[in-house]
Amino acid sequence: MYNFTFEIPTRIHFGQGQLKRLRELKESGSEVLLVYGGGSIKRSGLYDDVLKILREAGLGVFELSGVEPNPRIESVRKGVRLCRENGIDMVLAVGGGSVIDCAKVTAAGAKYDGDAWDLVIDPSKITAALPVYAVLTIAATGSEMDSFAVISDLSRNEKWGTGSPLFTPKMSILDPSYTFSVSRRQTAAGTADIMSHTFENYFTTEEGFLQARFCEAVLKTCIHYGPVALKDPENYEARANLMWASSWAINGTLNAGCGVNWCVHPMEHELSAFYDITHGQGLAILTPHWMEYVLSADTVDKFAEYGVNVWDLDPKADKWLNAREAIERTRRFFKDALEIPMTLREVGITTQEKFEIMAEKAAAGCEGCYVPLKKEDIVKIYQAAF
Ligand code: NZQ
Ligand code: ZN
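Conventions adopted
- Residues numbered from 1 in each chain as written.
- Chains lettered and ligands numbered in written order.
- Predicted model: local features only at pLDDT ≥ 70, side-chain atom pairs only at ≥ 80, totals over all residues.
- Heavy atoms only, no water.
- Axes fitted to C-alpha atoms, helices over the stretch in contact; angles between N-to-C directions.
- Helix = DSSP H or I, 4+ residues; strand = E, 2+ residues; numbered from the N terminus.
- Parallel < 35°, antiparallel > 145°, perpendicular 65-115°, else oblique.
- Left-handed = near helix turned anticlockwise from the far one by under 90°.
- Contact = heavy atoms within 4.5 Å.
- Buried < 20%, exposed > 50% of the residue type's maximum accessible area, 1.4 Å probe, protein only.
- Pairing = 2+ DSSP bridges.
- Donors = N, O, S within 2.8 Å, 3.2 Å for Na, K, Ca; no water.
- Nonpolar A, V, L, I, M, F, W, Y, C, P; charged D, E, K, R; others polar.
- Polar contact = N/O pair within 3.5 Å; in protein donor to acceptor, adjacent residues only side chain to side chain.
- Near = heavy atom within 4 Å.
- Areas by Shrake-Rupley, 256 points an atom, 1.4 Å probe, with all protein chains shown as cover.
- Domains from an automatic or database assignment.
- 1 Å grid on protein atoms, 1.4 Å probe; cavity = no way out; pocket = protein on both sides within 12 Å on 5 of 7 lines; lining within 4 Å.
- Points joined across faces, edges and corners; volume = space filled by probe spheres on them.
- Salt bridge = Lys/Arg side-chain N within 4 Å of Asp/Glu carboxyl O.
- Buried area = accessible area lost by both parts, 1.4 Å probe.

Side note on the packing of helix α7 (residues 209–231) against helix α8 (residues 236–248)
So, point 1. Running from N to C, α7 and α8 point in directions that differ by 140°, and their axes come no closer than 9 Å. Put simply, α7 runs oblique to α8. Note on packing geometry: the crossing formed by α7 with α8 is left-handed. Each of V218, T221, C222, Y225, G226, V228 and A229 in α7 lies in contact with α8, whose residues at this interface are E237, A238, R239, N241, L242 and A245.

A word on the pairing of strand β4 (residues 90–95)
The side chains of a regular strand alternate between both faces of the sheet.
So, point 1. Among the six residues in β4, six count as buried, and that is most of the element.
So, point 2. On β4, burial covers both faces: M90, L92 and V94 on one face and V91, A93 and G95 on the other are all buried.
So, point 3. Pairing of strand β2 (residues 31–36) with β4 involves five bridges; the strand directions are parallel. When the bridges of β4 are listed, L33 appears paired with V91.
So, point 4. Pairing analysis gives five bridges linking β4 to strand β5 (residues 132–136), with the strands arranged parallel. Counterpart to A93 in the pairing with β5 is A134.

Some remarks on the coordination of the zinc ion (ligand 2)
So, point 1. Protein-derived coordination of the zinc ion (ligand 2) comes from D193 (OD), H197 (NE2), H265 (NE2) and H279 (NE2), at a distance range of 2.0 to 2.2 Å.
So, point 2. Sequence spacing of the donors to the zinc ion (ligand 2): D-x3-H-x67-H-x13-H. You can see H197 sitting in helix α6 (residues 184–202) and its partner H279 sitting in helix α10 (residues 279–294), a full 82 residues away along the chain.
So, point 3. Classification of H279 as buried rests on a relative accessible area of 14%.

Some details on the packing of α7 against helix α11 (residues 300–311)
So, point 1. Orientation of α7 relative to α11, taken along the N-to-C sense of each, is 55°, at an axis distance of 10 Å. Between α7 and α11, the interaxial angle falls into the category oblique. As α7 packs across α11, the resulting crossing turns out to be right-handed. Here α7 contributes A212, R213, E216, L219, K220 and I223 to the contact with α11, which in turn contributes K302, E305, Y306, N309, V310 and W311.
So, point 2. In terms of residue class, the contact of α7 with α11 is built from six nonpolar, one polar and five charged.

Let's talk about the side chain of Q18
So, point 1. Along the chain, the position of Q18 falls in the loop between β1 (11–14) and β2.
So, point 2. Polar side-chain contacts of Q18 include one of 3.0 Å to the backbone oxygen of F14.
So, point 3. Setting aside anything within four residues of it in sequence, one finds Q18 in contact with H13 and I173.

Side note on the site of ligand 1
So, point 1. In the vicinity of ligand 1 there are 31 residues, among which G38, S40, G97, S98 and D146 approach most closely.
So, point 2. H279 is positioned such that a nitrogen or oxygen atom in its side chain is 3.1 Å from an oxygen atom of ligand 1.
So, point 3. Bound to the protein, ligand 1 loses 89% of the 960 Å² it would expose on its own.
So, point 4. Listing elements by their share of the shell around ligand 1, those giving two or more residues are α4 (97–109), β6 (148–153), α6 and α9 (264–275).
So, point 5. Its residues assigned to classes, the shell around ligand 1 shows 10 nonpolar, 17 polar and four charged.
So, point 6. The residues that make up the shell around ligand 1 include at least three from each of domain 1 (11–178) and domain 2 (183–385).

Observations concerning the layout of surface pockets
So, point 1. In this model, the second largest pocket occupies a volume close to 180 Å³.
So, point 2. Only α7 and α8 provide two or more residues apiece to the lining of the second largest pocket.
So, point 3. Its residues assigned to classes, the lining of the second largest pocket comprises seven nonpolar, two polar and no charged.

Thoughts on the pattern of salt bridges
So, point 1. Summed over the entire model, instances satisfying the criterion amount to 26 salt bridges.
So, point 2. In this structure, the salt-bridge partner of E270 is K361, at a minimum N-O distance of 3.8 Å. On the criterion of sequence distance, the pair formed by E270 in helix α9 and K361 in helix α13 (residues 355–363) is long-range, its members being 91 residues apart. Both residues of the pair, E270 and K361, belong to the buried class.

Looking at the domain arrangement of the protein chain
So, point 1. With domains assigned, the protein chain is organised as domain 1 (11–178) and domain 2 (183–385).
So, point 2. Across the contact, 28 residues belong to domain 1 and 25 residues belong to domain 2.
So, point 3. Buried surface at the junction of domain 1 and domain 2, summed over both partners, amounts to about 2,100 Å²; 61% is from carbon and sulfur atoms.
So, point 4. Linking domain 1 with domain 2 are two salt bridges.
So, point 5. Residue E158 pairs with K361 through a salt bridge whose shortest N-O separation is 3.6 Å.
So, point 6. There are nine residue pairs in polar contact (both at pLDDT 80 or more) connecting domain 1 and domain 2.
So, point 7. By residue number, the principal contributor to the side of domain 1 that touches domain 2 is strand β7 (residues 158–163), which donates three residues.
So, point 8. Its residues assigned to classes, the side of domain 1 that touches domain 2 shows 14 nonpolar, seven polar and seven charged.

Given below as structure tokens:
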């Protein structure tokens, strides 16, 4: 295990009725930029509840609405202008990963003397940020408790992750009942995203025994509760377990001390950058093909271990059989239990014409990963997933 420093500065208020904790925002000043998406929080009534609590607490509220899934740099720029014009003290995201990511870069953009896109392509330029707060409404990205943000400039087919400790929310409210209204499609995509974050941490060059067991627990939680949430959207235990799994998959616990470099995410981000597809669906499509592609004499033990510890396969069976069966179970879980479309064609990528350019861009992120991948390897994985 490598040396590490571990610190998560996010105060989590988990459970029903925690929204009243929004009063704590007073600790950061008086003017709030409320950031939200395309309207789900208005339909659910959460918007009204948030405004009521903020106003009762004497906070001034300005709004950035309409943040897109796969949030655009244009929304961030709008948010930055609102912060500058209105003397905003803090940014409150109410929504999913897209809204929280937009809020994070807005918070840093407000303190940056230049265009916010600079902060997306060069995290070293993030030197100050307004405090970020979040009310999470979908279990998926873990943005509620991590230091990352992913922003797109679709005019240039660019989607990049950036990060800074300054992005880590100061406080996040995780009320699982807010996720009751998440659609089947988004529930499935979110579950696949949580699993993918965990796979990225699990298949490592330098493993920690304890960290691997944490990963297996998160995976088993998703496998158990993802289908329950699909069948019974208002099942509190299912929503609660998925929500907490979302935060833990990416908050640093699973990779502290390990040699982790993500691989499927860079490949998926190119799909979203060029075709604006749903992140979790793209990951579910690519993951089994990536697993098959990197399965070799060097990796078979790890895949067999995954099969035994996560899918309860027989530890005495042949390791190659177990490894292949584990990959097949992963594919079937996404397809049959979560009902995710499992080819690129089904999500609207109907030609292979961009595979080369997408693979070239993704390759930069896949160099030092579990099994390093070059452009040619990534093209083959896209083709297999087509
Ligand atoms: O926009 P609204 O109307 O709110 O609707 C959203 C959106 O259409 C809807 N939704 C959210 N909560 C809901 C709800 N609908 C009904 N009831 C609710 N309670 O769900 C749709 C998707 O929302 P979005 O925020 O886009 O989903 P998600 O949380 O999956 O975020 C995806 C984005 O996060 C990035 C992805 O690349 C993508 O851009 N990621 C961010 C990461 C991070 N910050 O650490 C890591 C991830 O790997 C990922 O890359
Ligand atoms: Zn993800």
